[in-house]
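If you want the building blocks of each chain, they are given just below.
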Amino acid sequence: MIHTRLIPSQCILSPFYLVLASFVMGKLLPLAGVVFLSAVAAQGQGQSPNKGVIYGTVVALNGTPAKGLTLSAMPLGVTLGMALPWTKTNEAGVYRFEHLPLGRYTVYAEDKEAGYSIFSTGAGGMGHPSEVELTAGHPEAEFNLHLPPPAGFLLFHLTNRSTGAPISGIEVTVMSAENPSGPIFSGGQSSSEPVLVPSDKNLLLHVTSWGFREWNQSVGNGRLVRIAPGDRLTLDVQLQPANSLRERIPDADPKKYQGIRDGKDWRNPCLIVRADGVVISGRNNEGNPIPVKAVGAALEDLPDSAWPYGSVVAVQDYRIAASEPERSRIEANQMLLEPLLGELGVIAGFRPPACAPPSDQTQP
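Remember, it's a predicted structure, so these values are computed and weren't measured experimentally.

Of regular secondary structure, the protein chain possesses four helices and 21 strands. Counting the 364 residues in the protein chain, one finds 47% classified as buried. Of the roughly 17400 Å² of accessible surface on the protein chain, 54% is carried by carbon and sulfur atoms.

The following block contains the structure:
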């Protein structure tokens, strides 16, 4: 039996596939019960049923069977659809994929706890991975896998340099020191999760987070690291806020607002996106909208007391009551607003149908 998984939310620089994942602070989410799809239907063989089978044995470095290891089957030479099939080896290190679309495949270990991932030890880090081909005449193929050395585990103690507060999200770019022009991978995830990197290789890192400047030790060429297989390296990283808001206001604390259901109970800033600009509740501008480009400066001007929940805002819009031309302008303003909030390190954590009018918004 096989399962499917979402592709990891890191930018895979490989000719074999396309990243199709969102930034949920980089976490890999299982996708249970979803059928594996190939957008090109296994190299144009869309008329063929999903009857392909790949089977084999996985052997660990010490020559023993790799038990309970998670594997993925990667189609080659096609654009991916939504998810990759995955399975686990049994006690004898044996695995089997069934119901695969016909086409070319490679199989690799994708088991972070064991030290394997597509970026550090799998197909993503291999220029020409071994492969098998499933055809109508030969729909079954054996693929025996000898595991490479496990990855190195890179961990971060990530804090705000101005306040000492922990930073929850991190963005890491990993490059080979021998070929820094082509990143191995780049993406964001929770700062508490380890990053698996190719072991016994000289690597260059660039480290940052939303709303912060790049780590001073990685600016320029990058921070050089080298980690032995299976070893763990923890880096103490302090990031300087990129704006005065991040210097003063801590990260959003969902525990303080997760129970709020009504906009009138919201105490942090609420941004009302309109066709003619943005109104910020809690700001003494008599409800007059300001241009989207001025929102950042307006939020930075708010006092600390305006942010009891941390760096989070509510976002409301008038699209329901607006005319078609107005809805188009509202959507355009929202598209401009989202990256601006990201640069400030502010999240949109609440989307009420209505905010309290600016004159009614009071701060505790």
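There is more to say, and it comes next.
Among the structural elements, S311 can be located in the loop between α3 (295-301) and β20 (312-317). A residue is classified by how much of its surface remains accessible, and S311, at 1% relative accessible area, is buried. In this structure the side chain of S311 is engaged in a polar contact, spanning 2.9 Å, whose partner is the backbone oxygen of P250. Ignoring anything within four residues of it in the chain, the contact list for S311 reads R246, I249, P250, D251, A252, G345, V346 and I347.

Okay, the confidence of the model for the protein chain next. Counting all residues, the mean pLDDT for the protein chain is 81, and 79% of those residues have values of 70 or more. This model gives residues 4-47 a pLDDT under 50, and the stretch forms 115 contacts once residues within four places in sequence are excluded. This model gives residues 359-364 a pLDDT under 50, and the stretch forms 14 contacts once residues within four places in sequence are excluded.

If you walk through the whole model with that rule in mind, you get seven salt bridges. Taking the shortest distance from any N to any O, the salt bridge between K67 and E91 comes out at 4.0 Å. Placement of K67 in the loop between β3 (52-59) and β4 (70-76) and of E91 in the loop between β5 (83-88) and β6 (94-100) is noted, with a sequence separation of 24 residues between them. The same class applies to K67 and to E91, which are both exposed. Among the salt bridges present, the one from E131 reaches R104, with a minimum N-O distance of 2.7 Å. Taken together, the positions of E131 in the loop between β7 (103-109) and β8 (132-134) and R104 in strand β7 put the pair 27 residues apart, joining distant regions of the chain. Since its relative accessible area comes to 38%, E131 is described here as partly exposed.

Once that is clear, we can look at the packing of aromatic side chains. One pass over the structure, following the stated rule, counts six aromatic pairs. For the pair F119 and F185, a centre-to-centre distance of 5.2 Å together with 45° between the ring planes defines the contact as tilted. Of this pair, F119 sits in the loop between β7 and β8 while F185 sits in strand β13 (residues 185-190), and the two are 66 residues apart along the sequence. Judged on exposure class, the residue F119 and its partner F185 are both buried. The interplanar angle of 75° and the centroid separation of 5.5 Å between the aromatic rings of Y257 and W266 together place this pair among those described as edge-to-face. Owing to a relative accessible area of 9%, Y257 belongs among the buried residues under this scheme. Given a relative accessible area of 1%, W266 falls into the buried group. When the ring centre of F153 is taken as reference, the NZ or CZ atom of R232 above it lies at 4.5 Å.

Counting buried residues along β13, five of its six residues qualify, which places the element largely inside the surrounding structure. Where strand β12 (residues 169-176) meets β13, six bridges bridge the pair, whose relative direction is antiparallel. In the strand pairing of β13, T173 is matched with S186.

A few words now on the nonpolar core. One recurring pattern in soluble globular proteins: nonpolar side chains tend to sit buried together. Within the largest apolar cluster, 28 residues are counted, with the highest numbers of intra-cluster contacts made by L154, F156, V174, V197, L235 and V237. Taken together, the elements giving at least two residues each to this core come down to β4, β11 (152-160), β12, β14 (195-197), β15 (203-208) and β17 (232-239). Contacts of V174, omitting those with residues within four sequence positions, involve P183, I184, F185, V197, L203, L204 and L205. I290, A298, L299 and L302 belong to the second-largest nonpolar core, a separate cluster that totals 22 residues.

On to the environment of R267. With respect to the element layout, R267 can be found in the loop between α2 (244-248) and β18 (270-274). As a C-alpha pair, R267 and S281 span 14 residues in sequence and 9.3 Å in three-dimensional space. At a separation of 3.1 Å, a polar atom in the side chain of R267 contacts the main-chain carbonyl oxygen of K264.

So, how was this worked out
Here the residue numbering is sequential within each chain, running from 1 through the sequence in written order. In view of the model being predicted, local features appear only for residues whose pLDDT reaches at least 70, and side-chain atom pairs are presented and counted only at 80 or more, with totals across whole chains, interfaces and linings using the full set of residues. With hydrogens and water stripped out, all remaining heavy atoms of the structure feed into the side-chain values. For the purposes of this entry, the term helix denotes a DSSP run of H or I that reaches at least four residues, the term strand denotes a run of E that reaches at least two, and both are numbered from the N terminus. Between buried and exposed lies partly exposed: a residue is buried under 20% and exposed over 50% of the maximum accessible area for its type, with that area taken using a 1.4 Å probe on protein chains only. Note on areas: Shrake-Rupley with a 1.4 Å probe; residue coverage comes only from the protein chains shown. Each polar contact in these results corresponds to two N or O atoms within 3.5 Å; when the atoms are within protein, one needs to be able to donate a hydrogen and the other to accept it, and residues that are neighboring in sequence are counted only if both atoms are side-chain atoms. Contacts are assigned to residue pairs that have any heavy atoms within 4.5 Å of one another. As a per-residue quantity, pLDDT reports the predictor's confidence and falls between 0 and 100. Any Lys or Arg side-chain nitrogen located within 4 Å of an Asp or Glu carboxyl oxygen qualifies as a salt bridge. Stacked, edge-to-face and tilted labels apply to pairs of Phe, Tyr and Trp rings (six-membered ring for Trp) whose centres lie within 6.5 Å, assigned for plane angles under 30 degrees, over 60, and everything in between, in that order. Charges are assigned to positions over rings by a cutoff of 6 Å between ring centre and Lys NZ or Arg CZ, combined with an angular limit of 35 degrees from the ring normal. By this definition, two strands are paired if DSSP reports at least two bridges between them. The definition of a nonpolar core used throughout is a set of buried Ala, Val, Leu, Ile, Met, Phe, Trp, Tyr and Cys residues joined through side-chain atoms within 4.5 Å.

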